[in-house]
Amino acid sequence: MVGRVIADVEILDARLVQPVDPRDVRGAMRGRRVEAIDRRGKYLLIRLEGDLVATHHLRMTGSFAVPPKSPVPTHVRLRYLLAERVHPVLYNDPRRFGTLVVATMAETDAHLDARLGPEPLGADWDATSLHRAIHHRTAPIKALLLDQRVVAGLGNIYVDEACFLAGIPPQAAGDRITRPMAARLVTHVRARLEEAIDVGGSTLRDYRGVEGEIGGMRERFLAYGRAGLPCLVCGMTMRGTRIAGRGTTWCPRCQPAVRAR
DNA sequence: CTTTTTCCCTGGACGC
DNA sequence: TGCGTCCAGGGAAAAA
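Rules and cut-offs
Residues numbered from 1 in each chain as written. Chains lettered and ligands numbered in written order. Predicted model: local features only at pLDDT ≥ 70, side-chain atom pairs only at ≥ 80, totals over all residues. Heavy atoms only, no water. Phe/Tyr/Trp six-rings, centres within 6.5 Å; stacked < 30°, edge-to-face > 60°. Helix = DSSP H or I, 4+ residues; strand = E, 2+ residues; numbered from the N terminus. Buried < 20%, exposed > 50% of the residue type's maximum accessible area, 1.4 Å probe, protein only. Lys NZ or Arg CZ within 6 Å of the ring centre and 35° of its normal. Domains from an automatic or database assignment. Axes fitted to C-alpha atoms, helices over the stretch in contact; angles between N-to-C directions. Parallel < 35°, antiparallel > 145°, perpendicular 65-115°, else oblique. Left-handed = near helix turned anticlockwise from the far one by under 90°. Contact = heavy atoms within 4.5 Å. Nonpolar A, V, L, I, M, F, W, Y, C, P; charged D, E, K, R; others polar.

### Things to note about the packing of aromatic side chains
Across all of its chains, the model carries two aromatic pairs by this definition. Seen in terms of ring centroids, Phe64 and Tyr91 are 5.3 Å apart; in terms of plane orientation they differ by 55 degrees. Their pairing is tilted. With Phe64 in strand β5 (residues 63–65) and Tyr91 in strand β7 (residues 89–92), this residue pair connects regions lying 27 residues apart in the sequence. Tyr91 carries the same exposure label as Phe64, and that label is buried. For the ring pair Phe221 and Tyr224, a centre distance of 5.3 Å and an interplane angle of 75 degrees mean the geometry is edge-to-face. Judged by its relative accessible area of 9%, Phe221 is buried. Across from the ring centre of Phe97, 5.6 Å away, lies the NZ or CZ of Arg95, which sits over that ring.

### Examining the domain arrangement of chain A
Entries for chain A in the domain assignment read domain 1 (6–113) and domain 2 (127–250). Between the C-alpha centres of domain 1 and domain 2 there is a distance of 29 Å.

### Some details on the packing of helix α5 (residues 156–166) against helix α6 (residues 179–198)
At their nearest, the axes of α5 and α6 sit 8 Å apart, and the two run at 130 degrees to each other. Taken together, α5 and α6 sit at an angle that is classed as oblique. In the packing of α5 onto α6, the handedness of the crossing is right-handed. Of the residues in α6, those in contact with Tyr158, Glu161, Ala162, Cys163, Leu165 and Ala166 of α5 are Arg184, Leu185, His188, Val189, Arg192, Leu193 and Ala196. Its residues assigned to classes, the contact of α5 with α6 shows nine nonpolar, one polar and three charged.

Right, dumping it as structure tokens:
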């Protein structure tokens, strides 16, 4: 899309852009050239000429498809028609959790800055900054890592994976996470994210790459979704519970309870 | 202030 | 096969 002019935007599901009138979004984007596409946390930013940003969030089931390399998906909610290109870029989202906001750069930055902490793959996120952000908190470490203001971009899968690899039980309170433990979390969050990116993401059911590809990460899960199954490291039965409203899996042997202070 | 719970939404899995 | 029920989860909003 970068460098091309958006000839038109067809919004097939008005709820995608609520509470804004879909006609305003269409009118604002039409005829503008795409200058760049960026990401902040889980937000996808389509930067348009003339100080305008289209901010997509895919939630769990959103994906972009680029025919004809990709098959046309079954739940297309929006079509970007590009000048001098036959096939539109499609936004697909069976469950309609995804969102789209169109705003100026300043409005977009303000919106994101209020919601997002440091990037997990960025230089400013390290053991010290994580420890500082959570050492006074009593919520479980899993809830804190899912909090996008603590660190931007982690979801349920990667938090379970990182806690497992770091040997820290997900229910451990933030104020019991020592600096060395924070260092292990940072290391394993980074390693797991980079590995997932390399293999094309974690398709569970709906996620697809723009050419329809299924992500390769789901065969590599060590913790996520393995409750009741043997731990791939020690063989003990993995336990399942609910933390921060999310299904949570951990190994009682590899992630022993943190000692009270 | 922090933390927890509820809600949104739909397709797939499962039981009968 | 068909129907009902439950579950998955990111983030906003409400409740505690």
